[in-house]
Amino acid sequence: MSEVFEGYERQYCEISAALSRKCTSAALLDGEQKKQKVSEIKSGVDDAESLIRKMDLEARSLQPSVKAGLLAKLREYKSDLNNLKSELKKITTVNPNQAAREDLLESGMADTLMVSADQRGRLMMSTERLNQSTERVKESRRTILETEELGVSILQDLHQQRQSLLHAHNTLHGVDDHIGKSRKILTAMSKRMDRNKWIIGGIIVALVLAIVLILYFKLRH
């Protein structure tokens, strides 16, 4: 959940609780004391309306998955604020000269306050559940981020291993080239040695024939 929204929410709950208490006490007052209390309530209602608008703007600026829950809470806060306005209206329209009507209004106001208190209780429970859901979402996001970091680390390791394999492949390819060149050199040397053998053999045969001819002519003379 947005920390900004939570700050506005805490302020609103405090103002709402204070307004509820002031409405209860204002219903028992009359004259200047009542006017002063009503003025304080109106100022508090204005502050509450300002916080509602700020919460609305903050909620609509967040991601859809979070925004939906916050807007649901905001609707409950708006309903609570409307109840407070209704209580204020009933207080300001009371005619102190009509005792019976005043009793009825006070009775209705008490019922409204009870409903408002019950509603605020439900709001707090809903807030708690939403906070728990938000924590679970945050925990899930942390798990996802950790998984992504692990995946990136594995990909980096695989990339390094691939580079090592490519380097080894290139090294083996170079060794194969050298072996091929060496094989060609050895083949050429072998052919050259065979040719030299034939040349040496021919020379030996020629020398043998020359020696035979020399001995033959000497023996005849």
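Just so we're clear, the structure is a prediction, and the values are computed from it rather than from any experiment.

A. Local environment of the overall build of the protein. Helices and strands together make up the secondary structure of the protein, namely four helices and zero strands. Reading the secondary structure of the protein in the N-to-C direction produces α-α-α-α. Relative to its full complement of 221 residues, the protein shows a buried share of 22%. When contacts within the protein are restricted to residue pairs at least 6 apart in sequence, those whose partners lie at least 24 apart make up 73%. For the protein, the computed accessible surface area is about 16,000 Å², with 60% contributed by carbon and sulfur atoms.

B. Inspection of the UniProt feature "transmembrane region" (unreviewed entry) in the protein at higher detail. The UniProt feature table records "transmembrane region" (unreviewed entry) at residues 198–217. Span residues 198–217 is 100% helix and 0% strand, its end C-alpha atoms 29 Å apart.

C. View of the pattern of salt bridges. Under the criterion given, the structure shown has nine salt bridges. Note that Glu40 and Lys22 form a salt bridge whose closest N and O atoms lie 4.0 Å from each other. One end of the pair, Glu40, is in helix 2 (residues 31–60); the other, Lys22, is in helix 1 (residues 3–26), with 18 residues separating them in the sequence. Residue Glu40 is classed as partly exposed on the basis of its relative accessible area of 30%. Across the pair Lys78 and Asp56 runs a salt bridge, and its minimum N-O distance is 3.9 Å. Of the two residues, Lys78 is situated in helix 3 (residues 64–92) and Asp56 in helix 2; the sequence distance between them amounts to 22 residues. For Asp56, a relative accessible area of 16% puts it in the buried group. What emerges from the salt-bridge pattern is a single network uniting Lys22, Lys37 and Glu40.

D. Region of the structure containing the nonpolar core. In this structure, Tyr12, Ile41, Ile52 and Met55 are the most contacted members of the largest nonpolar core, which totals 23 residues. For this core, the secondary-structure elements that each account for two or more residues are helix 1, helix 2, helix 3 and helix 4 (99–220). With sequence-adjacent residues up to four places away left out, Ile52 is seen in contact with Tyr12, Leu74, Tyr77, Lys78 and Leu81.

E. Seen up close, helix 2. Between its first and last C-alpha, helix 2 extends 44 Å over 30 residues, near the 44 Å set by a 1.5 Å rise per residue. When we look at burial in helix 2, the residues that qualify are Lys34, Val38, Ile41, Gly44, Val45, Ala48, Leu51, Ile52, Met55, Asp56, Glu58 and Ala59. In the core, the buried residues of helix 2 are packed alongside helix 1 and helix 3.

What counts and what doesn't
Along each chain, residues carry numbers from 1 onward, in the same order as the chain's sequence is written. Totals for whole chains, interfaces and linings use all residues, but because this is a predicted model, local features are given only for residues with pLDDT of at least 70 and pairs of side-chain atoms are given and counted only at 80 or more. Only hydrogens and water are set aside; all other atoms, that is, all heavy atoms of the structure, feed into the side-chain values. Only runs of H or I of at least four residues qualify as helices and only runs of E of at least two qualify as strands under DSSP, and these elements are numbered from the N terminus. Burial here depends on accessible area, computed with a 1.4 Å probe over protein chains only, as a share of the maximum for the residue type. Under 20% is buried, over 50% is exposed, and the range in between is partly exposed. By the convention used here, residues are in contact when the closest approach between their heavy atoms is within 4.5 Å. Working definition of accessibility: Shrake-Rupley area with a 1.4 Å probe, residue cover restricted to the visible protein chains. UniProt positions are given in the numbering used here, feature names are shortened, and annotations may be inferred rather than shown by experiment. Note on definitions: salt bridges are taken to be side-chain nitrogens of Lys or Arg within 4 Å of carboxyl oxygens of Asp or Glu. In this description, a nonpolar core means a group of buried Ala, Val, Leu, Ile, Met, Phe, Trp, Tyr and Cys residues linked to one another through side-chain atoms lying within 4.5 Å. To estimate how far a helix should reach, multiply one less than its number of residues by 1.5 Å.

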